[in-house]
Amino acid sequence: METLRIGMLGFGTVGRGVADLLLNKQELLAQRTGMKLRLVRIATRTPERDRGLRLGNTEVTGDLHRVVDADDLDVVVELIGGIIPARDLVGRAMETRKHVVTANKALIAEFGAELFAMANAHGVQLSFEAAVAGAVPVIKALRESMAGNRIDLIYGILNGTCNYILTEMRLKKLPFHQVLADAQAKGFAEADPSFDVDGIDAAHKLAILSAIAFRTHLDFSRISLEGIRHIADVDIQWAEQMDYRIKLLALARLQEGLLEFAVRPVMVPRQSMVAAVEGVHNAVFVRGDFAGTTMYHGRGAGERPTASAVVADLVDLARDLRSGGKGRLPPLGVPVHHLRTLPIQNAAQRHGTFYLRLAVADRPGVLAEVSAILARHGISLDAVHQEGRSHVEAVPLIMVTHETTEERIALAMGEIETLESVRETPRTIRIESGLA
Ligand code: HSE
């Protein structure tokens, strides 16, 4: 039986999962591919650490070049993450004619174009199913199962850390910083959580998904980005009262030739499927003109779920090599010369309804002042909630608007913030009512 000789860079959580799967499911993988998938070598900065696996004749080395420069490997699995040194190592592996499988979303989102060109030049494959939503097979679904569709909308919950934090804030009625600290203590959130909580990780994944869905160049830098640090527990409780849930939503919507391209916290109806995606789970929704809306749900991170996706790419590679189908699938679903750049919809064109929360002095005339500014900007209100308690400095004033534009909201809130009766920076959260 032919052998696919595998080298791996990185032996952390996901690396352990990949090694475990490859070492313990050899027969199953051989049946499914017609090849022996052999983990020849793992390079890690901590080769001496015991990972509790029986590694047999798999070599563990501290020298990353023993993997990327090797001539006894067919494929390199990159699980180091980040850009430096992963970008150079992946480039080197491809230069030396090795295929690459990676779970690195930042690398693909920011340097995918350069790396796909290199892969093409060297006649190797670069696969990245594990880079988006862990075990959820969404790259495959978009690139293969939805190939006959014109896609106009893709959205999802692409960051498990944020979804876990928002879920815990709601269930335990705790503020953001307390839930984050707890998640860090339990190992669910990184010591430096900014990639997750500021929306960057979700935006990397959205950039990859939308490039495939809309046949565009990878364009992470044009995503409008807002994280969840400023979401207060009171916003979450108000959302509950109004039958909504707050989610960090990554969304790309193509309307009349313009792309809405955003990662931001939004309120979604409590009965919607997207609201039901809780805790560390991820979900992606894709709307195609023939398929309608499809949903993909599962675990977006962790040892076994991410390893499952990495090994799926190795299995695809083995099948392609055996059948002579190497290069069958362009990385973004179409050859590079078919990729386009779509104009991005600006704030003036982005319509929606909004939740507004102010902290105002509890005295006569305040609501009139605020609503006069909203009226001047053509913003009409659907609902207003005020809880008056005159013995406190400021009381919450909650408003829900009718359909308006983001630009009008931004201008009106800028003016409202300067009122003497407004005691804190107003909060605005978009309401997405039309999602599955
Ligand atoms: N940090 C990511 C998350 C997982 O919390 O979903 C890896 O992309």
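Residues numbered from 1 in each chain as written. Predicted model: local features only at pLDDT ≥ 70, side-chain atom pairs only at ≥ 80, totals over all residues. Heavy atoms only, no water.

To continue, consider the pattern of salt bridges. Two side chains that carry opposite charge are able to pair once their charged atoms sit near each other. Going through the model one piece at a time under the given rule, you end up with 39 salt bridges. Where Arg357 meets Asp235, a salt bridge forms, and the shortest distance between an N and an O atom there is 2.5 Å. Here Arg357 is found in strand E13 (residues 351-360), whereas its partner Asp235 is found in helix H11 (residues 233-241), with 122 residues between them in sequence. The burial state of Arg357 is the same as that of Asp235; both residues are buried. With its nearest N and O atoms 3.5 Å apart, the salt bridge here joins Glu278 to Arg245. Note that Glu278 is positioned in the loop between strand E10 (258-269) and strand E11 (281-288) and Arg245 in strand E9 (residues 244-255), a separation of 33 residues in sequence. Looking at Arg245, the relative accessible area reads 15%, which means it is buried. In the salt-bridge network here, residues are joined through shared partners; they are Arg170, Glu240, Asp243, Arg245, Lys247, Arg270 and Glu278. (Salt bridge = Lys/Arg side-chain N within 4 Å of Asp/Glu carboxyl O. Helix = DSSP H or I, 4+ residues; strand = E, 2+ residues; numbered from the N terminus. Buried < 20%, exposed > 50% of the residue type's maximum accessible area, 1.4 Å probe, protein only.)

Our next topic: the packing of helix H13 (residues 366-376) against helix H14 (residues 406-417). Packing of H13 against H14 leaves a shortest axis separation of 9 Å and a crossing angle of 150°. One element, H13, and the other, H14, form an angle in the roughly antiparallel class. Note on packing geometry: the crossing formed by H13 with H14 is right-handed. Contact with H13, carried on its side by Val370, Ile373, Leu374 and Arg376, involves Ala412, Glu415 and Ile416 of H14 and no other residues of that element. (Axes fitted to C-alpha atoms, helices over the stretch in contact; angles between N-to-C directions. Parallel < 35°, antiparallel > 145°, perpendicular 65-115°, else oblique. Left-handed = near helix turned anticlockwise from the far one by under 90°. Contact = heavy atoms within 4.5 Å.)

End to end, helix H7 (residues 160-172) covers 18 Å across 13 residues, agreeing with the expected 18 Å (1.5 Å per residue, within 8%). Most of H7 is tucked away: eleven of the 13 residues are buried. Residues of H7 that are buried make contact with strand E7 (151-157), helix H8 (176-185), helix H9 (194-197), H11, E9 and E11. Where H7 begins, one side-chain oxygen reaches toward the backbone nitrogen of Thr161, 3.2 Å away; that side chain belongs to Asn159. (Expected span 1.5 Å × (residues − 1). Polar contact = N/O pair within 3.5 Å; in protein donor to acceptor, adjacent residues only side chain to side chain.)

Time to look at helix H6 (residues 138-145). All of the buried residues in H6 are Val138, Ile139, Ala141, Leu142 and Arg143. Turning to H6, the residues buried within the fold contact E7, helix H10 (200-214), E11 and strand E12 (292-299).

Partitioning the chain into structural domains gives domain 1 (3-134 + 303-335), domain 2 (138-299) and domain 3 (351-431). Inter-centroid distance (C-alpha atoms) of domain 1 to domain 3 is 52 Å. (Domains from an automatic or database assignment.)

With respect to spatial proximity, the complete set of residues near the ligand consists of Lys105, Asn159, Gly160, Thr161, Asp196, Asp201, Lys205 and Ala301. Lys105 is positioned such that a nitrogen or oxygen atom in its side chain is 2.6 Å from an oxygen atom of the ligand. When the ligand is considered free in solution it has 260 Å² of accessible area, and contact with the protein chains removes 82% of it. Applying the majority rule of atoms within 2 Å of the grid points places the ligand in the largest pocket. (Near = heavy atom within 4 Å. Areas by Shrake-Rupley, 256 points an atom, 1.4 Å probe, with all protein chains shown as cover. 1 Å grid on protein atoms, 1.4 Å probe; cavity = no way out; pocket = protein on both sides within 12 Å on 5 of 7 lines; lining within 4 Å. Sits in = over half its atoms within 2 Å of the grid points.)

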